[in-house]
Amino acid sequence: MYAVIGITGQVGGAVARKLLAHKRRVRAVLRDANRGLPWAVRGCEMARADLHDAASLTAAFKGVEGVFAMLPPIFDPSPGFPEARALIASLRSALAAASPPKVVCLSTVGAQAKQQNLLTQLTILEKELGELPLPVTFLRPAWFMDNFVWDIAPARTTGVVSSFLQPLDRHFPMVATEDVGRVVAELLQDDRTGGRVVELEGPRRIAPVEVARAFSEVLGRAVRADAVPRDKWEALFTSQGMKHPKPRIEMLDGFNEGWIDFEGGESHTLKGSIKLKAVLETLSVNGAGVAA
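Position numbers for residues count from 1 along each chain, tracking the sequence in the order it is written. Under the rules for a predicted model, residues below a pLDDT of 70 receive no local features and side-chain atom pairs below 80 are neither given nor counted, while totals for whole chains, interfaces and linings still include all residues. Only hydrogens and water are set aside; all other atoms, that is, all heavy atoms of the structure, feed into the side-chain values.

Trainee: Tell me about the pattern of salt bridges, and name the residues and values.
Mentor: Here a salt bridge means any side-chain nitrogen of Lys or Arg lying within 4 Å of a carboxyl oxygen belonging to Asp or Glu. The tally for this structure, following the rule as stated, stands at 22 salt bridges. Between Glu-45 and Arg-27 there is a salt bridge, and its shortest N-O distance comes to 2.6 Å. Taken as a pair, Glu-45 in strand S3 (residues 45–48) and Arg-27 in strand S2 (residues 26–30) lie far apart in primary sequence, 18 residues in all. Remark: exposure states derive from per-residue accessible area (1.4 Å probe, protein chains only) relative to the maximum for the residue type, with buried under 20%, exposed over 50%, and partly exposed in between. According to the relative accessible area criterion, Glu-45 is partly exposed, its value standing at 32%. Note that Asp-190 is salt-bridged to Lys-102, the shortest N-O span being 3.0 Å. Here the residue Asp-190 occupies a position in the loop between helix H7 (177–189) and strand S10 (196–201), and Lys-102 occupies one in the loop between helix H4 (82–98) and strand S5 (103–106), the gap between them amounting to 88 residues. Among the ionic contacts, a cluster of salt bridges with common partners joins Arg-92, Lys-127, Glu-128 and Glu-131. Secondary structure elements are defined from DSSP: runs of H or I of at least 4 residues count as helices, runs of E of at least 2 residues count as strands, and each element is numbered from the N terminus.

Next up, the structure:
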């Protein structure tokens, strides 16, 4: 039995599908059991738990072979990341109390970066869980290809994909969430003991101009990439309702300036097999949500 956080999201769902395909039992850890009904139908055990409640998480993690842990995305954190810190403290307490034999935790490319940015929340996560006397594997995936779901509608209606990743011909590490789910499932089931970091990206790095070309092929119309001017970001994010846009801006700067990348370099990353075009085809048909 494997406990899976975030099963109703893109990554957690991919993890559960892969485990079930391997004939492994899955315990879905959810705050709202009703949202897990489709997974109950597939044979998953339901464990009602709130990420803010260490006691309920501890109960959900008891008696399993392994735990897949992740934080929900917090795109507009308050200064100092108090929201993430509270969740991390609860998760750490629950894992310490339940003491599962294996933990795979979703982190991010660039978690080792010293400069503060939106991904610093996962730097904190790695530090806190890494201090536990447990075999914790941190999986650091690249930028999720699936997040281009937000660009489907404008690409289809206007023929433009607005890019914060710049310059437009620079190749960035990206990965499909299905590859992330597959690797998590494999890490949960392998026999290796001890803590480690695994860095994961797709078959090859991708430039924003190539994203636009892939959209052109998938949507059957001309699509171009436009760079969103750096001096417009703060006003744009604020107009979209963000109260604290600075961490997001700092993260984008990190990718564009190159200080958010894999610690071991491209030559040492694990490579996924799913290509961008396949992801865009699925998203354009299914209207799937943003990876989480």
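Trainee: Break down helix H3 (residues 54–61) for me, with residues and values.
Mentor: An α-helical segment advances 3.6 residues per turn. Residues three or four places apart therefore align on the same side. When H3 is considered as a whole, its buried residues turn out to be Ser-56, Leu-57, Thr-58, Ala-60 and Phe-61. In this analysis, two residues are considered to be in contact whenever any of their non-hydrogen atoms come within 4.5 Å of each other. Looking at the packing, one finds that the buried side of H3 touches strand S1 (2–5), S2, S3, strand S4 (66–69) and H4. Polar contacts, as counted here, are pairs of nitrogen or oxygen atoms within 3.5 Å of one another; within protein the pair requires one atom able to donate a hydrogen and one able to accept it, and residues that are adjacent in sequence qualify only if both atoms are side-chain atoms. Between the side-chain oxygen of the N-cap and the backbone nitrogen of Ala-55 there are 3.2 Å, and the N-cap of H3 in question is Asp-53. Within two residues after H3, Gly-63 carries a phi angle of roughly 75°, on the positive side.

Trainee: Requested: an account of the packing of aromatic side chains, with residues and values cited.
Mentor: Two aromatic rings, drawn from Phe, Tyr or Trp (for Trp, its six-membered ring), form a pair once their centres lie within 6.5 Å of each other, and the interplanar angle then sorts them: stacked below 30 degrees, edge-to-face above 60, tilted otherwise. Here the structure, examined in full by the defined rule, presents 3 aromatic pairs. For the pair Phe-164 and Trp-233, a centre-to-centre distance of 5.7 Å together with 70° between the ring planes defines the contact as edge-to-face. With Phe-164 in the loop between strand S8 (160–163) and strand S9 (174–175) and Trp-233 in helix H9 (residues 233–239), this residue pair connects regions lying 69 residues apart in the sequence. For the pair Phe-164 and Trp-233, one class covers both residues: buried. Through a chain of ring-to-ring contacts, three or more aromatic side chains come together here, namely Phe-164, Trp-233 and Phe-237. For a Lys NZ or an Arg CZ to count as sitting over a ring, it must be within 6 Å of the ring centre and within 35 degrees of the ring normal. The positively charged end of Arg-248 is found above the aromatic ring belonging to Phe-164, 5.7 Å away from the centroid.

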